Amino acid sequence: MANGQWFPQDWPERIRALAEGTLTPVVPKRAATVMLLKDTDGGPFVHMLRRRASMAFAGGAYAYPGGGVDPRDDEHHIRWSGPTRAWWAKRLGVDERAAQAIVCAAVRETYEEAGVLLAGESADSVVGDTTGEDWEADRAAVAAREFSFAEFLDRRGLVLRSDLLGAWTRWITPEFEARRYDTWFFVAALPHGQRTRNASTEADRTVWIRPQEAAESYDKGELMMMPPTIATLRQLAPCATADEALAAAPGRDMTAVLAQARLEGDQIVLTWPGHDEFTKRIPTDLPTGGAPA
């Protein structure tokens, strides 16, 4: 294949059905993902994980730590540092309760899948090493949804450090997908004293890699990724430090990117507004289950 874009085999059939009005779009679930950065002599590196090949969705693709929003985090008022919930609501384009839950999801998923926790005992502190047995027991319990992340913070007496996150972009899974997510992408820097590890049951490999290097590997077809992942890597590449990326985040446009499909002659044209590199032209007579690379 020309690059490493992940392309589901059932897309042509589902796109045809959507265009013909026989497919009802699934309501997207709220989700959050975090581009975790650390500075090196060679510039900032980003933490990525490779989804297990056995995964039904994007198996084998490289992505960032992330996952769905826990509705329980809408309600529970937690100790909070940084921009207010009202500020986050405006930035993310949601109400205050949803904003809290989305930010909680970003911090929770980074902890669940990378073992990194953006929280501290006070509004200006961050916890240190989180690899101890007691931390791992709590992390596993949060991952198993035995209690919400908000409850975990309360149990530990921790303050969520929303000021350590920057909202970067928002992508919504195309309407023709069977699994749909409304995903907010965040950027954060690895806190001093903490270290990443593969704590995810969905990943078989994790790497620290320069965004530009990851993008070049995608272009060569060596690393497989979904459009939002490679798009954000290209956006991160010009940043010389993690702080530069965080400083750039507040000025970024958070208008949601949603793929569009239209019939054009004997082809289905699939586009992502603002991202021409992902445009695909799919023959309408492509056999069911087939997909061009």
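Criteria and thresholds
Residues numbered from 1 in each chain as written. Predicted model: local features only at pLDDT ≥ 70, side-chain atom pairs only at ≥ 80, totals over all residues. Heavy atoms only, no water. Pairing = 2+ DSSP bridges. Helix = DSSP H or I, 4+ residues; strand = E, 2+ residues; numbered from the N terminus. Salt bridge = Lys/Arg side-chain N within 4 Å of Asp/Glu carboxyl O. Buried < 20%, exposed > 50% of the residue type's maximum accessible area, 1.4 Å probe, protein only. Arc of directions from axis to C-beta. Contact = heavy atoms within 4.5 Å. Axes fitted to C-alpha atoms, helices over the stretch in contact; angles between N-to-C directions. Polar contact = N/O pair within 3.5 Å; in protein donor to acceptor, adjacent residues only side chain to side chain.

A. Here's a closer look at the sheet that holds strand 6 (residues 119-120). Across the sheet, three strands lie side by side as 5-7-6; this open sheet has mixed pairing. Each of the sheet's edge strands pairs with one partner strand only, and the pair in question is strand 5 (80-81) and strand 6. As paired strands, strand 6 and strand 7 (residues 159-161) are joined by two bridges and run antiparallel to one another. Its bridge partner being in strand 7, glycine 120 is matched across the sheet by valine 159.

B. Quick peek at the pattern of salt bridges. Considering all chains together, one arrives at 18 salt bridges under this definition. The salt bridge involving arginine 197 is made with glutamate 136; its shortest N-O contact spans 2.7 Å. Taken as a pair, arginine 197 in the loop between strand 9 (181-189) and strand 10 (203-209) and glutamate 136 in helix 5 (residues 133-143) lie far apart in primary sequence, 61 residues in all. For arginine 197, a relative accessible area of 26% puts it in the partly exposed group. The class for glutamate 136 is partly exposed, based on a relative accessible area of 26%. For glutamate 264, the salt bridge goes to arginine 262, with nearest N and O atoms at 3.1 Å.

C. Broad picture of helix 5. Of all the positions in helix 5, only Trp135, Asp138, Arg139, Ala141 and Val142 are classed as buried. All buried residues of helix 5 project into a common sector of 165° when viewed along the axis, lining one side. In the core, the buried residues of helix 5 are packed alongside helix 4 (96-114) and helix 6 (149-156).

D. Summary view of the sheet that holds strand 12 (residues 260-264). Taken together, three strands build an open sheet; the order of strands is 12-13-14 and the sheet is antiparallel. Two strands close off the open sheet at either side, each with one partner strand: strand 12 and strand 14 (280-283). For this sheet the average axis-to-axis angle between neighbouring strands, irrespective of direction, equals 25°. Across the sheet, helix 1 (residues 11-20) touches strand 12, strand 13 (267-271) and strand 14, and the angle it forms with strand 13 is around 95°.

E. Up close: unusual backbone geometry. Positive phi values are uncommon outside glycine, yet arginine 145 reaches one of about 60°. Under the relative-accessibility criterion, arginine 145 is labelled partly exposed at 33%.

F. Structural context of the pairing of strand 13. Here strand 13 lies mainly inside the structure; four of its five residues are buried. Where strand 12 lies against strand 13, five bridges are found, and the strand directions are antiparallel. Paired with arginine 262 across the two strands is valine 269, which belongs to strand 13. Between strand 12 and strand 13, which pair antiparallel in sequence order, lie two residues; one of them, glycine 265, sits at a positive phi of approximately 65°. By the bridge criterion, four bridges tie strand 13 to strand 14 in an arrangement that is antiparallel. If you follow leucine 270 over to strand 14, its bridge partner there is lysine 280.

G. How the structure looks around the environment of arginine 108. With respect to the element layout, arginine 108 can be found in helix 4. Here arginine 108 is in contact with Gly67, Gly68, Val69, Asp70, Asp73, Val142, Arg145 and Phe149, once residues within four sequence places are set aside. A polar contact is formed between the side chain of arginine 108 and the backbone oxygen of glycine 68, at a distance of 2.5 Å.

H. Quick peek at the side chain of aspartate 138. As for its placement among the helices and strands, aspartate 138 is situated in helix 5. Excluding its chain neighbours within four sequence positions, the residues that come into contact with aspartate 138 are Phe147, Phe152, Arg155 and Arg156.

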